[in-house]
There are 4 protein chains.
Amino acid sequence: MTQDMKVIETLESEVRSYVRSFPTVFTKAKGYKMWDKAGKEYIDFFSGAGALNYGHNDPKMKEKLVEYIMSDGITHSLDMASTAKAEFLNTFNEVILKPRNLDYKIMFPGPTGTNTVESALKLARKVTGRTDIISFTNGFHGMTIGSLSVTGNAMKRKGAGIPLQNTVTMPYDNYVDDHDTLEYLERFLEDSGSGVDIPAAIIAETVQGEGGINAARFEWLKKLEQICKRWDILLIIDDVQAGVGRTGTFFSFEPAGLKPDIVCMSKSLSGYGIPFAITLIRPDLDIWTPGEHNGTFRGNNHAFVTATASLDYWKDDTFEKEIKEKSQIIYESLEKIVKNYPEIKGEVRGRGFMVGIASEVEGLSDKVAAKAFELGLIMETSGPKDEVFKLFPPLNIDEEGLKKGLAIIEESVKSLVKEPITN
Amino acid sequence: MTQDMKVIETLESEVRSYVRSFPTVFTKAKGYKMWDKAGKEYIDFFSGAGALNYGHNDPKMKEKLVEYIMSDGITHSLDMASTAKAEFLNTFNEVILKPRNLDYKIMFPGPTGTNTVESALKLARKVTGRTDIISFTNGFHGMTIGSLSVTGNAMKRKGAGIPLQNTVTMPYDNYVDDHDTLEYLERFLEDSGSGVDIPAAIIAETVQGEGGINAARFEWLKKLEQICKRWDILLIIDDVQAGVGRTGTFFSFEPAGLKPDIVCMSKSLSGYGIPFAITLIRPDLDIWTPGEHNGTFRGNNHAFVTATASLDYWKDDTFEKEIKEKSQIIYESLEKIVKNYPEIKGEVRGRGFMVGIASEVEGLSDKVAAKAFELGLIMETSGPKDEVFKLFPPLNIDEEGLKKGLAIIEESVKSLVKEPITN
Amino acid sequence: MTQDMKVIETLESEVRSYVRSFPTVFTKAKGYKMWDKAGKEYIDFFSGAGALNYGHNDPKMKEKLVEYIMSDGITHSLDMASTAKAEFLNTFNEVILKPRNLDYKIMFPGPTGTNTVESALKLARKVTGRTDIISFTNGFHGMTIGSLSVTGNAMKRKGAGIPLQNTVTMPYDNYVDDHDTLEYLERFLEDSGSGVDIPAAIIAETVQGEGGINAARFEWLKKLEQICKRWDILLIIDDVQAGVGRTGTFFSFEPAGLKPDIVCMSKSLSGYGIPFAITLIRPDLDIWTPGEHNGTFRGNNHAFVTATASLDYWKDDTFEKEIKEKSQIIYESLEKIVKNYPEIKGEVRGRGFMVGIASEVEGLSDKVAAKAFELGLIMETSGPKDEVFKLFPPLNIDEEGLKKGLAIIEESVKSLVKEPITN
Amino acid sequence: MTQDMKVIETLESEVRSYVRSFPTVFTKAKGYKMWDKAGKEYIDFFSGAGALNYGHNDPKMKEKLVEYIMSDGITHSLDMASTAKAEFLNTFNEVILKPRNLDYKIMFPGPTGTNTVESALKLARKVTGRTDIISFTNGFHGMTIGSLSVTGNAMKRKGAGIPLQNTVTMPYDNYVDDHDTLEYLERFLEDSGSGVDIPAAIIAETVQGEGGINAARFEWLKKLEQICKRWDILLIIDDVQAGVGRTGTFFSFEPAGLKPDIVCMSKSLSGYGIPFAITLIRPDLDIWTPGEHNGTFRGNNHAFVTATASLDYWKDDTFEKEIKEKSQIIYESLEKIVKNYPEIKGEVRGRGFMVGIASEVEGLSDKVAAKAFELGLIMETSGPKDEVFKLFPPLNIDEEGLKKGLAIIEESVKSLVKEPITN
């Protein structure tokens, strides 16, 4: 073990996890590549769990950031006004909101995903005067008590140490075979004897990343929005992981034609992997009292700078088209694997660059990811039983890198199938 | 109104607050100075609400940060191993923990104050199997549901939109005249009919910043620790605002001789105003399951780099001594104001560089802060009725800057006393 | 208005309800008949909402009760030992439990339905160490906070004034067309990402009285029990309303072949309409600490005496057979009404003597009940929209009375159909 | 062991408690005397924990009850109108409310103490739109979840199996030496940073029976009422145990000059030891929706009959005077015991016929009660550590019976002091 790894094992809390799957010390990164201390190169199909959609250390953003720092631009400003913030707001409005015909107020709730979710839940309760939130099976929304209450994973929920309250879980799309899960949901809403009160909001991901790469059908999402309207329930789309292009469009809900009441964004929003989050709010719902929600790092100007720079990717539709094309390569490759290796009992899941293979063979996905790491590819697993190996390549990866990574995955699967699979 | 300010007013949520007190657009900052777009210079006695204890854009940290970025060092690593993290861990251990004879495991809970508090509460509940947390009147611990449940402020609590549960509030030091508030607390604990169950933990600040610059006496803190030990309750010190030298020592609890079970740190920890937080855990309590608490930005390597650089300030006791000396200047100046302007019915409060004047004249403190801003000084108010104007100068401010700032405060008070004070 | 009615309207709280449906002052009752102050006779198809299954003032029970009172038998004994209690325990065991091959410990939780439910929920949580209870849509279990938390009705839930917690509602049998609702339930249990934690218990009625006379199929109930066993969840059957012969057997769950872990009984248990309740507990679950649940009136000896006397009805299977035969008359009569009056869009629901007609015509059921009252029959409505008129004749009613009552119902329906039905 | 006792031990749940302290089978009772199956006579200083203030089987009430039963009067009527109910309402109004200048609406919430408390809490929350209730240390209000949430006893609270919420416990009178506990309470109310929200109601007993015979001073109670008025908080007096003459007046709060917003009554209200409860409501607060709170046995006509008869005791002030005189005998006797037996470190507590001796000698009170039982006196202990032996003689006991009972107590103490006291 290296000295650095020893330091980490000695001093860092047992809660650390990814270092256990990827047991090496990283030093440098660029685009879709990472290098460890020994100089070994890795292809990154993990992308910081969706926080590095533009790869590592994008040169243009880097340039802007260094320039800003060198000029002694404001670093930390809470919610005072700064030029960097104004520029971000303006650019986000011009490049993202206006062209999509969206009209949101922008809230800076603190620079993490769970902060934006907590702010959304609070606002929904304040606006409606109701207490309950409906969330979905296998949803993941964060680890602070408010967000954790709408998160499905039993291990993570148990970590709260208290009963999680004021929430109701409903079945996500395709949760029960041959059942229209929204029919269930609406049955509960329309029946005043159901025990399920009309909630303040329904919170949903369009594709569940942590929950096992479950992609809801567009018609399901659209119907969900209609139900919300019918019962005067706010629709919150948590686009923390699926947003910023991950599923092929800036907002993951665009192709479904949704117009959520509140949108939660974080992860890749800063573009550069630095902490940042916003909550988008339908203007008439923006009834916050000043300071009613806050957070010390809500004015992270470094993030304003890189986020503004990152929006260059979205000035026209070139980037979207590239994602679309490359995602075809991914699908075909994964479908081929599933077909060629029936032993893994695999199923391709997902949308855009948010994809994976769910294997019914217990423990297999973990082994595939471990083997891939050995072969120089970083990739994680997800799902309630870690049954999915999950590909999150950077959106701007070139074809060469993509194919190289996919080849490693196939090789990993192959090597495991050749070895008898036992648990 | 400038174009930038217009953008902010149009696009940013109504929740924004400081921009209302300090209505100008900032562009640049260095040390204890800030400049707005019009080129006006301000002395900063606000320090990012305690996140900028070393002032803005400290040159040494800046150098290290830019160097790191230029070399394509890992920016975002979740809880994978990186050299920057290892270096931070090692330096924090050598410079801070070891010399203070402290032996903590270090957890990265996500890069904000509320994240470290949430992680502390979860761990305390998990370790003890109990659900309740005791917090104190006028305590402030954050805005996500778990942290908000241990926060006293009624307006902020109401923002939750749900009843806040699993917590009991006890009176902080000096809360009721002539009463020993810990006698009350312990009476509840020792009486099995009190309705107050033995809690998992007691969470406390040594000086309450948001709550009105209430400094608990050292003997009160020491007695609190003894009560915790007697009843097998974990003691969590939330040092997010009072820590990192703000009250005169790195940890605010050092002069009281405490050894808390869990310590929450954030704000000035990164040194540079970028998001960062850690939770310090007594090693035998570190029973987390891997991943049981997490957060996308828990591996913010920029923060690792600047935080490591910032610890240079603590390599010997020079910095502590300087803080001590300069805090004397502050106290004397404030005491003089209280004495010379009896009309403000003022009382000096606080410890070290975490001080203020509480005025019984309703609305006065807000006016002092507003006047000071006009005169080029940034300073906020706190307390349940905003009755305190609160000084948070950078710890490394020079005497000239300090005196200039104090002079502006006196001038502000003076101008308000001359004008008849009405509400 | 009579003087008595005026007293009630002046002094009794607005919460009173049945007096509004049956606006007369009752003085005397015997068997299935009641008389008001003016001497008008009524047929009682309400039976005290199921608390008078043996009719009013059964002569044998009356004799025993008066004899007991005259002899100065203990009236009130908390949970001290009394001969009357011992006799009840022994008789209940010999006449009810043993012949059904049931082996329960008997708890006296306080003399009302909600008390037995609260005791059951507490015990289930204590035994399992889990906090959640699963209940069903349109379930009704009582009006104190614990019982109300597992009750579906929105109006009643709202009366709590606080969010009702630690419960999850699942769909009852036939809740969604063509869906197997238990498949849905079990999907949530088997998926560790469902957000539904394994509960302490599932509480169910075999026929939902307040919820609209919904009778679960026996195979559904049996499957529910199997699910409970599979997941180590306690099964609580709330037999407060459906028990004591109402559906045809002493325990309503007998024909489904269930052996619940906990059974809640009250209402007709005393036989005479006086307050009484018991909780039946699988012996190995009886881990209460003495006094951990109690209630001043848990030792209501008058109830012990009449309950003991009432068990004479169950010494052989004669009574069961009679109920069966007479319930045939009821069904045929109701089916005829539904067939002959298609305008009411009616559906016959229920089991045994716990039956009704659900009408899709809004407001109709209330009108039928009102008309019937006019014609000398007492009958209530139920269901989330009061869409069911509900027949609860005494089990020991004679054929003459039964037919007379049924004729009044038909006449009421007829008169309403002739009048155009409008709302 | 007798056959009856064997039946109880075999079939009754482990939750039974008093039968363990008084291990004999009772058969008959009259006035202040009880007899067991072996014919042994006991003096009853327990009075059904306050449910038998008029002793057992009062002849006049018995006569009325039997007469009513024999005439086939309505037994069970839910909240339909009955002559027995109208008579009770009218008599209660004429004999109790009017002469005391009280103007309450009367609610029948279900026939137990916990039912009236639950209804009071629900109404207070509904009226105010607030969720919290403030209760006091060592308060006891019942065992269903709502009532248990405002009960102090840790063992009983733990029985809930879930965290008890929406309540805050404040210190009762004399809880901490030399502190004015209401000053503390009001400090929390007036400080918007206290973490204690303005509650819907404060619920209090004037003398805490279960909590250890703690009698609040009249001035404390009066000040509590003023605080409630000042902060627009409803005052609920739980007079379930202290009411109906137990402390010397019909309502325990009369001598303190209170006029509570809501009053909870049960226990001795029926006079005869049969289940009964009412909630008294300030008329303008009576905003219940019909049926928003209910309970099957809320129309217990046997109780209406005996309760009406019992009010004969209150037609003039004779009864009050007698209680006063006899309570002097009790006090003097207890004071003498405390003085003559300093070894017991005793303190006399209570008011009227609700009195006891608190002993600092651990375990002593239990031994005194056990010895007294041996000598033919029934008496229980109370307080968080069972440190009080508690005298609840019937209010209509004659001097002879009273003195005989007191003599047994002295003898019991004496015998224990002579034996060396060890644990």
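All values derive from a computational prediction rather than experimental measurement.

Caption draft 1: Just the nonpolar core, in detail. In this structure, A:Phe92, B:Phe92, C:Phe92 and D:Phe92 are the most contacted members of the largest nonpolar core, which totals 472 residues. D:Phe92 has contacts with D:Leu97, D:Ile106, D:Phe250, D:Phe251, D:Met265, D:Leu269, D:Ile278, D:Leu280 and D:Leu311, leaving out every residue within four places of it along the chain.

Caption draft 2: Main features of the interface of chain B and chain D. Facing the 30 residues of chain B at the interface are 31 residues of chain D. Surface buried jointly by chain B and chain D totals about 2,700 Å² across both partners, of which 48% is contributed by carbon and sulfur atoms. Area buried by chain B at its contact with chain D is led by B:Tyr175, B:Tyr184 and B:Ser192, which between them contribute 21% of it. The shortest N-O distance in the salt bridge between D:Asp197 and B:Arg157 comes to 3.7 Å. Put simply, chain B and chain D have 15 residue pairs in polar contact (both at pLDDT 80 or more) between them. Listing elements by their share of the side of chain B that touches chain D, those giving two or more residues are α8 (154-158), β7 (167-170) and α9 (181-190) of chain B. In terms of residues, the side of chain B that touches chain D owes the most to one element, α9(B), which gives four residues.

Caption draft 3: Here's a closer look at the interface of chain D and chain C. With 102 residues of chain D at the contact, the number on the chain C side is 102 residues. Of the roughly 8,900 Å² buried between chain D and chain C, counting both surfaces, carbon and sulfur atoms make up 64%. When the area that chain D buries against chain C is broken down by residue, the three leading residues are D:Leu11, D:Asp72 and D:Phe297, summing to 8%. Residue D:Asp72 pairs with C:Lys30 through a salt bridge whose shortest N-O separation is 3.3 Å. At the boundary of chain D and chain C, one finds 45 residue pairs in polar contact (both at pLDDT 80 or more). Each residue belonging to the side of chain D that touches chain C can be placed in one class, and the counts come to 46 nonpolar, 34 polar and 22 charged. Bridge analysis of strand β4 (residues 81-82) of chain C against strand β1 (residues 25-30) of chain D gives two bridges, and the strand direction is parallel.

Caption draft 4: Up close: the relation of the copies chain B and chain D. Between the two copies, chain B and chain D, the superposition gives an RMSD of 0.0 Å; the rotation angle is 180 degrees and the shift along the axis is 0.0 Å. The transformation relating the two chain copies, once decomposed into turn and shift, fits a two-fold axis. When C-alpha positions in chain B are compared against the rotation axis, the closest is assigned to B:Gln165, at 3.1 Å. Counting the interface residues of chain B, we find that 100% of their copies in chain D are interface residues as well, pointing to one common contact surface.

Conventions adopted
- Residues numbered from 1 in each chain as written.
- Chains lettered and ligands numbered in written order.
- Predicted model: local features only at pLDDT ≥ 70, side-chain atom pairs only at ≥ 80, totals over all residues.
- Heavy atoms only, no water.
- Core = buried A, V, L, I, M, F, W, Y, C linked by side-chain atoms within 4.5 Å.
- Buried < 20%, exposed > 50% of the residue type's maximum accessible area, 1.4 Å probe, protein only.
- Contact = heavy atoms within 4.5 Å.
- Buried area = accessible area lost by both parts, 1.4 Å probe.
- Salt bridge = Lys/Arg side-chain N within 4 Å of Asp/Glu carboxyl O.
- Polar contact = N/O pair within 3.5 Å; in protein donor to acceptor, adjacent residues only side chain to side chain.
- Helix = DSSP H or I, 4+ residues; strand = E, 2+ residues; numbered from the N terminus.
- Nonpolar A, V, L, I, M, F, W, Y, C, P; charged D, E, K, R; others polar.
- Pairing = 2+ DSSP bridges.
- Least-squares fit on C-alpha atoms with pLDDT ≥ 70 in both.

These figures capture arrangement, not role.
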